[in-house]
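# Fold and contact review
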Amino acid sequence: MADQKPAADQSYDASNIQVLEGLDPVRKRPGMYIGSTDGRGLHHLIWEVVDNSIDEALAGYCENIIIKMHEDNSISVIDDGRGIPVEKHPQTGISTVETVLTVLHAGGKFGGGGYKVSGGLHGVGVSVVNALSTRTEVTVYRDGGKYFVAFEKGEPKEPLGKIGDSDITGTMVQFWPDGGIFETTEYNFDQVKRRCREQAYLTQGITLTLIDDRSGKEDTAQFYFESGISSFVQHKNDEKEKIGPIVYVNGEKDDVTVEIAMQYTQEFRENITCFTNNIINPDGGTHLTGFQMSLTRVLNKYARENGLLKDKDPNFTNEDVREGLTCVISAKVPEPQFEGQTKGKLGNSVVRGIVDKIFSEKFSEFLAENPSEARAIVNKSALALRARLAARSARETVIRKSHLEGLTLPGKLADCSSKDPNNSELFIVEGDSAGGTAKQGRNRETQAILPLRGKILNTESCRLERMLANNEVKSLVIAMGTAIGDAFDDSRLRYKKIVIMTDADVDGAHIRTLLLTLFYRHFRPLVEKGYIYVANPPLYKLSKGKKVWYAMTDEEKDEIMNREDVKAENMQRYKGLGEMNADQLWETTMDPENRMLMRIQLKDAERADHIFKVLMGDEVLPRRKFIQTHASNVKDLDF
Ligand code: 0RA
């Protein structure tokens, strides 16, 4: 009794510790051993017995399992395995068959075999079935003899004895579930049949026969799947349009065996089922994550190496490569750890790496050897990827619309009173101070002023979504009324003259470039229709007595000074729009009678965009070249 663990500890690694325990705790707290005492727990009894037979099959000794439902609600499970040993067990002093039936956690271990791999959800063994049955009879065919032993509520009733000769081997266990423990003792044929089918898929080469012998319910079902989980995948894909063959991969590492069968279909949904030791894992676990990591990585690698994904394409995501995939993953793990509320998830982390390694190797091999199938598979993922990007873009349009729609005009916009775009002008002005001057000097009827604070966002390689998060860009878009991107609609444009009014210096030129780039990329129709202008504020003010002249360029300044004999100290150089007063700004730059506007041509905007790409883009070489060429001539930045 060394190493005894408390009964309450349903540790799944208990199978490798030889716990010798009576069956009393099982009858006292059945739920602890089989989960529940409802129909689910009742059906669980069958699988605790069948698991032992399946272990025999996995060990290579058993080919047939028959499950029979009897009139009296008893169940018998018959197999053609080696038969439970009947000789005295060295540790318990009683026969192995009696040990297996009366000692908790005494599965294959007591027979001296390897670990027990199948094993129900709780892996508690056939002794629990015995404990929860009013009667259990075991018939063993072995060593040329037929042996019989019977128990009642887990207690030996008829001692083991030889009752005849036999030239076959095998075991028959019949049990009568205890109606005093279970809420119901009536079995459901379809429920058992479903699990039989699943178990037959998972154990290649086994034949499972289910017989309902109850009067009025007579029925039989038989399952044999030559190709195991590959047959399972074939069955799942029965009605679906398939892409490529069923790919089967298996391998073993550190006592963990892995089997994966998969096939792509034209479906959009995925269908992946995972098992550990023949028990379904509804919540996946480490075998699933290992498979998923590997699948995504291998398909991306193959697609890149074979030019099926171009440099500009993003990688496939996990979701992309799962689309239309039907897959069965079956792992055999010596000491499985299950996680989650319902213990539906495999937790052993070593399994992740093992599955990843085995699958990567074999699947890469498959792709390399089957180029046309590989291409079909990759194309399916590529379709999923494109659909995902398209869906995202559609979603962004909706987001964009909701960003812009219903929004009131920005507070800093001083709008004009005219609602007719044909005689409305929008002046985009650099800075709040110049904005203030322009607001005072403007014609309120037809001229709107939108001051932009500082440099607007660098729109190079910048997603629309992020651009719209920039307040300056957002204000401009709302003021113009056109929205942006897929939602762009130039019939809603509020001003047919949009005037960029920036300082006549390098910063001003930069902001102009930024704005032109924005128009070129996102509002090109406005450029094409000739709605975009650049204002031309004077560089110098010259005065003599009460006479005043403005000069746009150095040449003009020199010409005026010569002609009018203006002395240099009278001369004022405007460093920015803000240095002019409202009247001066109106007179020189905004008054339609006097001003000089430059209408932006598509090629101007295109050039701005090009310069922008060179200066702000990812490529370093052209940028260096541009700066080296133009460093001493900043005027080239002007338009
Ligand atoms: C212990 C040891 C061996 C087999 C079994 C148990 C066994 C149990 C069940 C339960 C239902 N069918 C079964 N078949 C076998 C190994 C025996 C050997 O080494 O010969």
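Residues numbered from 1 in each chain as written. Predicted model: local features only at pLDDT ≥ 70, side-chain atom pairs only at ≥ 80, totals over all residues. Heavy atoms only, no water.

Our next topic: the pairing of strand S9 (residues 242–253). As judged from the nine bridges shared by S9 and strand S10 (residues 256–265), these two strands associate in the antiparallel manner. Pairing of Gly251 across the sheet is with Val258, part of S10. Remark: two residues form the turn of the hairpin made by S9 and S10, two consecutive strands paired antiparallel; Asp254 in that turn has positive phi of roughly 50°. (Pairing = 2+ DSSP bridges. Helix = DSSP H or I, 4+ residues; strand = E, 2+ residues; numbered from the N terminus.)

In this section: the site of the ligand. Around the ligand, the structure places 10 residues, and the nearest of them are Asn52, Glu56, Asp79, Ile84 and Arg142. One of the side-chain N or O atoms of Asp79 is found 2.6 Å from a nitrogen atom in the ligand. Contacts to the ligand include Arg142, whose side-chain N or O atom sits 3.1 Å from an oxygen atom. A total of 460 Å² of accessible area belongs to the ligand in isolation, and the protein chains cover 86% of it. For the shell around the ligand, the element with the most residues is helix H3 (residues 39–58), which contributes three residues. Here the residues of the shell around the ligand are counted per class, giving two nonpolar, four polar and four charged. (Near = heavy atom within 4 Å. Polar contact = N/O pair within 3.5 Å; in protein donor to acceptor, adjacent residues only side chain to side chain. Areas by Shrake-Rupley, 256 points an atom, 1.4 Å probe, with all protein chains shown as cover. Nonpolar A, V, L, I, M, F, W, Y, C, P; charged D, E, K, R; others polar.)

Moving on, we get to the nonpolar core. Counting residues in each nonpolar core, the largest one holds 57 residues, and the members touching the most others are Ile46, Ile65, Ile67 and Val138. It is H3 that provides the largest number of residues to this core, a total of eight residues. If we skip the residues at most four places from it in the chain, Val138 touches Ile84, Val97, Leu101, Tyr147, Phe148, Val149, Phe151, Thr171, Met172 and Val173. Membership of the second largest hydrophobic core comes to 39 residues, among which are Val247, Val249, Leu295 and Leu346. (Core = buried A, V, L, I, M, F, W, Y, C linked by side-chain atoms within 4.5 Å. Buried < 20%, exposed > 50% of the residue type's maximum accessible area, 1.4 Å probe, protein only. Contact = heavy atoms within 4.5 Å.)

The N-to-C vectors of helix H6 (residues 189–202) and helix H7 (residues 229–236) enclose an angle of 130°; their axes lie 7 Å apart at closest approach. In this view, H6 runs oblique relative to H7, as classed from their interaxial angle. Together, Arg197, Glu198, Tyr201 and Leu202 of H6 and Ile229, Ser231, Phe232 and His235 of H7 make up the contact between the two elements. The residue inventory of the contact of H6 with H7, partitioned by class, reads four nonpolar, two polar and two charged. (Axes fitted to C-alpha atoms, helices over the stretch in contact; angles between N-to-C directions. Parallel < 35°, antiparallel > 145°, perpendicular 65-115°, else oblique.)

With 20 residues, helix H10 (residues 350–369) extends 29 Å between its outermost C-alpha atoms, agreeing within 8% with the 28 Å of an ideal straight helix rising 1.5 Å per residue. Listed as buried for H10 are Val351, Ile354, Val355, Asp356, Ile358, Phe359, Ser360, Phe363, Phe366 and Leu367. (Expected span 1.5 Å × (residues − 1).)

All right, on to the pairing of strand S4 (residues 145–152) then. One face of the sheet, then the other: side chains in a regular strand alternate in exactly this way. With six of its eight residues buried, S4 lies for the most part within the structure. Strand direction decides the pairing type here: strand S3 (residues 133–142) and S4, joined by seven bridges, are antiparallel. By the bridge assignment for S4, Tyr141 is matched with Lys146. Counting the residues between successive antiparallel strands, the hairpin from S3 to S4 contains two residues, one of them, Asp143, with a positive phi of roughly 50°. The pairing of S4 with strand S5 (residues 155–165) spans seven bridges and is antiparallel. Of the residues in S5, the one forming a bridge with Gly145 is Asp165.

Quick look at the state of the cysteines now. Under the criterion given, the structure shown has zero disulfides. With no disulfide partner, Cys327 has as its closest neighbouring cysteine sulfur the one in Cys274, 7.2 Å distant. (Disulfide = S-S within 2.5 Å.)

So, about the sheet that holds S5. The pairing of strands in a sheet comes from backbone hydrogen bonds and takes either a parallel or an antiparallel form. Read across the open sheet, the eight strands follow the order S5-S4-S3-S6-S2-S1-S7-S8; overall the sheet is mixed. At either end of the open sheet lies a strand with only one pairing partner, and these are S5 and strand S8 (219–224). Going across the sheet, the axis of each strand differs from the next one's by a mean of 10°, ignoring polarity. Strand direction decides the pairing type here: strand S7 (residues 207–212) and S8, joined by six bridges, are antiparallel. Residue pairing in the sheet places Leu210 in a bridge with Ala221 of S8.

Here the structure, examined in full by the defined rule, presents nine aromatic pairs. Their ring planes at 5° and their centres at 6.3 Å tell us that Phe363 and Phe366 sit as a pair that is stacked. Remark: Phe366 and Phe363 occur in helix H10; sequence separation between them is three residues, near one turn of the helix. A single burial state applies to Phe363 and to Phe366, both of which are buried. Ring geometry for Phe488 versus Phe523: centroids 5.8 Å apart, planes at 65°, classification edge-to-face. Here Phe523 lies in the loop between helix H15 (506–522) and helix H16 (524–528) and Phe488 lies in the loop between helix H14 (471–480) and strand S18 (497–501), a separation of 35 residues in the sequence. The pair Phe488 / Phe523 is uniform in exposure class, with both members buried. A network of ring pairs unites the aromatic residues Tyr201, Phe223, Phe225, Phe232 and Phe275 as a single cluster. (Phe/Tyr/Trp six-rings, centres within 6.5 Å; stacked < 30°, edge-to-face > 60°.)

This next bit is on the sheet that holds strand S12 (residues 279–280). Read from one edge of the open sheet, five strands run S9-S10-S13-S11-S12, paired in mixed fashion. Two strands lie at the open edges of the sheet, namely S9 and S12, each paired on one side alone.

Next up on the list: the confidence of the model for the protein chain. Residues of the protein chain with pLDDT of at least 70 account for 85%, and the chain-wide mean is 86. The model gives residues 1–19 a pLDDT under 50, and that stretch makes 29 contacts with residues more than four places away or in other chains. (pLDDT = per-residue confidence, 0-100.)

Turning next to a negative patch on the surface. A cluster of acidic residues, Glu71, Asp72, Asp190, Asp213, Glu218 and Asp219, forms a negative patch at the surface. In this fold, Glu71 is placed in the loop between strand S1 (64–69) and strand S2 (75–79). Here Glu71 falls in the exposed class, since its relative accessible area comes to 52%. (Patch = residues over 30% accessible without salt bridge, like charges linked within 9 Å, V, L, I, M, F, W, Y side chains within 5 Å. Salt bridge = Lys/Arg side-chain N within 4 Å of Asp/Glu carboxyl O. Lys, Arg positive; Asp, Glu negative; His and termini not counted. Charge placed at Lys NZ, Arg CZ, Asp CG, Glu CD.)

Another point: the packing of helix H12 (residues 432–441) against helix H18 (residues 582–590). Axis separation between H12 and H18 bottoms out at 8 Å; the angle between their running directions is 80°. Between H12 and H18, the crossing angle belongs to the class labelled roughly perpendicular. Contacts between H12 and H18 involve Thr437, Ala438, Gln440 and Gly441 from the former and Ala582, Leu585, Trp586 and Met590 from the latter. A per-class count over the contact of H12 with H18 returns five nonpolar, three polar and no charged.

Structurally, Asn130 can be placed in helix H5 (residues 126–131). In terms of polar contacts, Asn130 uses its side chain to reach the side chain of Thr136, at 2.9 Å. Among all residues touching Asn130, those that are not within four sequence positions of it are Leu23, Leu101, Thr102, Thr136, Phe151, Lys153 and Gly154.

For the rest of this paragraph, the subject is the environment of Ala376. With respect to the helices and strands, Ala376 occurs in helix H11 (residues 371–404). On the basis of relative accessibility, which here comes to 28%, the residue Ala376 falls in the partly exposed class. In the structure, Ala376 is positioned 112 residues away from Tyr264 in sequence and 9.1 Å away in space, judged by C-alpha atoms.

Moving on, we get to the side chain of Ser381. By secondary structure assignment, the location of Ser381 is in helix H11. The class of Ser381 is buried, set by a relative accessible area of 0%.

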